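Working through the structure, step by step
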Amino acid sequence: MAVGVDEEEEGDEEDADDDDDDNDGDDKDSANLALERVTGPTDTPSSGFFGGRPRFFPPEMDTPDDGTKEVKEDETADTNGDDRTEGRDGKDEGNDEQADADEEDNDTKSQRYVWECHALGLDMSKAFDTINRAKLLDVMSSFLGRDEVHMIQHLLYGTTISVRMCSSTSKAFHTTIGTPQGDSLSPVLFVCYLEAALQECRPRLSQRPITDGGIPPETGYADNITFYSTSKPRLEESLPVISSTLQSWNLNVNEPKTECGHFTSGDSFWRSVRQLDSLMGSAEDIDRRISLASQAYGSMCSLWLRRKHVSERSRLKLYSSLVLPVLLYNCETWGVPQAVFQRLDCFHRRQLRNLVGLLYPDRITNGDLYSRCGSQPLSELVAKQRRSLTGHVLRMSEQSPPCLAMSSYF
């Protein structure tokens, strides 16, 4: 029995050893599966725990004691540090070169988009009084009928003038040159006469440079003419030709009033340049117009103060006829913020209060003031004039100077 018991115990021990071997194999397989999930599968067969697989140490596992990993990490860190330094230096040099290239490119673009223009403003001396009537009738007969030309001829040759000095007046005599001053037809006749002179002058001028594309060759308003070009030498060479051609039409250029302006993009100097008796900057021109209107109003101060002898209605009519035209000259070209228009409206209301005799401490609302004087805010009147001018420009030919200027701007 003892022998049997021993044999049974030996058999049980062998079975226990087999079970331990099986458990060890299961533990190894579980560890290998965990590593495969971290490092990925490999085709190399495993031998032991690290057999045939890369030596991978998860954070929760201890690193080997031989210090191999630390040395390699230090060497790798040094190598990577040198590479990063060299890469950073090369990258900085590349950034500097790219910045220089970008700066040169920006300079080139800024030079490409720099726009400049020169203007030559001419003013006629006594323009309406020096018109050659024979040439004027020839010009009008080129596009008018016989009856219209006969009416113009009757207007020109049927007028007389007289000279008055103090209280003495000379005898009336017939005129042989010029158009009647104050007649509504005279400005139209002068514009036609001046255009005919310019048509003769244009072919004599030098060819415009290619950079003048989109810029109108000249603009005119009454007896003021302004020639434009991007080449200043061309304008200087054109001045003697223009003067001699206009002289053949009995039109004399007023040299003291001849002005040369220079306009450059990004420069505010052009805003103070006067063209066609107006400053190019709208805000600056409004300030100048307010100053001129104040002078015109002050020159008749004695009339405004004689309220007992001059009725309020008459004073308002004189103000509308003698002061407002000075204040609103060329107002259809103004483009300014609303704050500037408010300053214009304040000046207008101040003059109206002085005209009707409403001084401090008398008070009146703006609406009642406009209603009493039969007026309106000048900002509304300017807006109406601007819309009217826009309609005229849009109805013009595409080759007209206003349309060319608008196309070049937009």
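Here, the structure is the one placed above.
1. Some remarks on the packing of aromatic side chains
The full count for this structure, using the stated rule, is four aromatic pairs. The interplanar angle of 75° and the centroid separation of 5.3 Å between the aromatic rings of Tyr193 and Trp249 together place this pair among those described as edge-to-face. One end of the pair, Tyr193, is in helix 5 (residues 186–201); the other, Trp249, is in the loop between helix 6 (232–247) and strand 8 (252–253), and 56 residues separate them in sequence. The exposure class of Tyr193 is buried, given its relative accessible area of 0%. In this structure Trp249 comes out as buried when scored by relative accessible area, which is 9%. Their ring planes at 85° and their centres at 6.3 Å tell us that Tyr297 and Tyr319 sit as a pair that is edge-to-face. With a gap of 22 residues between them, Tyr297 in helix 7 (residues 282–298) and Tyr319 in helix 9 (residues 312–322) connect regions that are remote in the sequence. As far as burial versus exposure is concerned, Tyr297 and Tyr319 are alike and both buried. An aromatic cluster of at least three residues, connected via ring pairs, comprises Tyr297, Trp304 and Tyr319. Above the face of the Trp249 ring, Lys135 is positioned so that its terminal group lies 4.7 Å from the ring centre.

2. Observations regarding the environment of Ser407
With respect to the helices and strands, the residue Ser407 is situated in helix 14 (residues 401–409). Take Ser407: its relative accessible area is 57%, and that puts it in the exposed class. It is 9.4 Å that separates the C-alpha atoms of Ser407 and Ile215, two residues lying 192 residues apart in sequence.

3. Some words on unusual backbone geometry
Each neighbour pair has its own omega, and for Tyr360 with Pro361 the value is 10°, a cis peptide bond. For Pro361, the position within the fold is in the loop between helix 11 (338–356) and helix 12 (366–373). Although it is not a glycine, Cys166 sits at a positive phi angle of roughly 55°. Here Cys166 lies in the loop between strand 3 (164–165) and strand 4 (168–169). Look at Cys166 and you get exposed, because its relative accessible area is 81%. The phi angle at Asn330 is positive, at roughly 60°, despite the residue not being glycine. By the secondary structure assignment, Asn330 is in the loop between helix 10 (324–327) and helix 11.

Thresholds applied
Residues numbered from 1 in each chain as written. Predicted model: local features only at pLDDT ≥ 70, side-chain atom pairs only at ≥ 80, totals over all residues. Heavy atoms only, no water. Phe/Tyr/Trp six-rings, centres within 6.5 Å; stacked < 30°, edge-to-face > 60°. Helix = DSSP H or I, 4+ residues; strand = E, 2+ residues; numbered from the N terminus. Buried < 20%, exposed > 50% of the residue type's maximum accessible area, 1.4 Å probe, protein only. Lys NZ or Arg CZ within 6 Å of the ring centre and 35° of its normal.

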